Amino acid sequence: MTDKITARLSSVEETLFIPLAARARETGKKHPLLHDPKATELVASIDFPIDKYGRGWGSAVMVLRTAVFDTWVRSFLEQHPHGTVVEIGTGLNTRFDRVDNGTVHWFDLDLPDTIALRRRFFIDSARRRTLTASVLDHEWMDQVAASPGPYFFVAEGVLVYLPEDGVRLTLSRLAQRFPDSSVALDTYGHRMMRYQHRRAKAGDIDARWEWACEDPAVLQSTGLRLVESTTIARPPRQLRHRLPLAYRIILPLLHPLMRLTGAFRVTLFHT
Ligand SMILES: C[S@@+](CC[C@H](N)C(=O)[O-])C[C@H]1O[C@@H](n2cnc3c(N)ncnc32)[C@H](O)[C@@H]1O
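A brief report on the enclosed structure follows. Residues take numbers from 1 onward in each chain, read along the sequence in its written order. In view of the model being predicted, local features appear only for residues whose pLDDT reaches at least 70, and side-chain atom pairs are presented and counted only at 80 or more, with totals across whole chains, interfaces and linings using the full set of residues. Note: side-chain values were computed over all heavy atoms of the structure, leaving out hydrogens and water.

1. A short note on the pairing of strand 4 (residues 105–110)
So the rule is basically this: Relative accessibility under 20% of the residue-type maximum defines a buried residue, over 50% an exposed one, and the middle range a partly exposed one, all with a 1.4 Å probe and only protein chains included. Numbered from the N terminus, helices here are DSSP runs of H or I no shorter than four residues, and strands are runs of E no shorter than two. Any two strands with at least two DSSP bridges between them are considered paired. The handedness of a crossover follows from its direction of travel: if, with the strands pointing away from the viewer, the path from the first strand over the helix to the second runs clockwise, the crossover is right-handed.
Most of strand 4 is tucked away: six of the six residues are buried. Along strand 4, one buried face is formed by H105, F107 and L109 and the opposite face, lined by W106, D108 and D110, is buried too. Sheet analysis places strand 3 (residues 84–88) next to strand 4, joined by five bridges and oriented parallel. If you follow V85 over to strand 4, its bridge partner there is W106. Examined bridge by bridge, strand 4 and strand 5 (residues 128–132) share five bridges and lie parallel to one another. Opposite D110, over in strand 5, you have T132 as the bridge partner. The parallel pair strand 4 and strand 5, bridged by helix 6 (residues 112–118), forms a crossover whose chirality is right-handed.

2. Quick word on helix 8 (residues 164–177)
Just so we agree on the cut-off: By definition here, a helix of n residues has an expected span of 1.5 Å times n minus one. We call two residues in contact when some of their heavy atoms are within 4.5 Å.
Over its 14 residues, helix 8 runs 20 Å from end to end, which matches the ideal 20 Å to within 8%, given 1.5 Å per residue. Restricting attention to buried positions, one finds in helix 8 the residues G166, V167, T170, L171, S172, L174 and A175. Its buried side turned inward, helix 8 meets helix 7 (140–145), strand 6 (151–155) and strand 7 (182–187).

3. Quick notes on the packing of helix 2 (residues 17–27) against helix 4 (residues 56–79)
For clarity, the threshold we go by: Simply put, an axis is a line fit to the C-alpha atoms, just over the touching stretch for a helix, and the angle between two N-to-C directions goes from 0 to 180 degrees. To sort the angles, those under 35 degrees are grouped as roughly parallel, those over 145 as roughly antiparallel, those from 65 to 115 as roughly perpendicular, and the leftovers as oblique.
Put simply, helix 2 and helix 4 touch, their axes get as near as 9 Å, and they point 90° apart. Compared by their axis directions, helix 2 and helix 4 come out roughly perpendicular. Contact residues: I18, P19, A22, R23 and E26 in helix 2; S59, M62, V63, R65 and T66 in helix 4.

4. So, helix 4
The terminal C-alpha atoms of helix 4, which comprises 24 residues, lie 36 Å apart, in line with the 34 Å expected from a rise of 1.5 Å per residue. Among the 24 residues of helix 4, 17 are classified as buried, and the element is accordingly described as predominantly covered.

5. Considering the layout of surface pockets
Filter applied, for reference: The pocket and cavity definitions rest on a 1 Å grid over protein atoms only: a 1.4 Å probe that fits but cannot leave marks a cavity, an open set with protein on both sides within 12 Å along at least five of seven lines marks a pocket, and residues lining either have an atom within 4 Å of a point. Grid points are joined across faces, edges and corners, and a volume is the space filled by probe spheres set on the points. Under the scheme applied, nonpolar residues are Ala, Val, Leu, Ile, Met, Phe, Trp, Tyr, Cys and Pro; charged residues are Asp, Glu, Lys and Arg; polar residues are all the others, including Gly.
The volume enclosed by the second largest pocket comes to roughly 260 Å³. Every residue lining the second largest pocket is counted, 15 residues in all, and those nearest its centre are F76, Q79, S182, L268 and H270. When residues of the lining of the second largest pocket are traced back to their parent elements, those giving at least two are helix 4, strand 8 (225–231) and strand 9 (265–270). When residues of the lining of the second largest pocket are assigned to their parent elements, the largest contribution, four residues, is made by helix 4. Across the lining of the second largest pocket, the residue classes tally to six nonpolar, seven polar and two charged.

In structure tokens form, the structure reads like this:
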């Protein structure tokens, strides 16, 4: 216990433990949707109250979100094996370890305290680099632009914590600066945001969502073109056939409700 690393994070940075714990728990299952042994190692190495995070259906759906984004990134890499992927608000995400094809260029971007923690476990290399920045301070785009295109920007579980005008400005900068590239993100409706606020209060989590979006198609006004958008309960076809049984039973029941309420969507855009 004493050898564990202590994390000094702000409340919004601390949310990285939510998907991390979910991926570690999933990895321990008999038939996991996603195998992430690095997440298990990280959870065992950091001193934090894991029981607070990563339980129940919310957690299973979060793992599904990660699996959807993995699927989209893999498809991108099949077409552009030497392209660049940027993981915005990476937390302790391990997507690179899951999808690396040996030639991709990769950036993991996050706030300073998160990156300080991340650096305890991940080492930069010629193809995999870390960016210490807020996604809202756009200078980081200069470093990305010096890497080979096209580009795939993944923002998983991060934009909800940012103000809408900041999200829109960032997306429009990406659209202008990185033509012929992709952006994947998740959105949640207002009802879901109110629910998150109630749950955060009950669960002693300080971070609150700031941005709700019922229909991600509205983001096309930033210059992005919508390619694919679905509720998390109806993941892309490539993924659907390999879902564990529990997911195949529950998700079709959730999908109509989620579609009606704009509860939880994952969306792929092209610039
Ligand atoms: C819920 S976690 C998601 C982490 C990761 N994407 C994953 O799925 O495991 C949210 C992450 O967004 C990061 N974050 C919050 N605001 C940010 C900002 N302005 N710029 C960059 N990262 C930010 C936090 O530090 C945290 O790592």
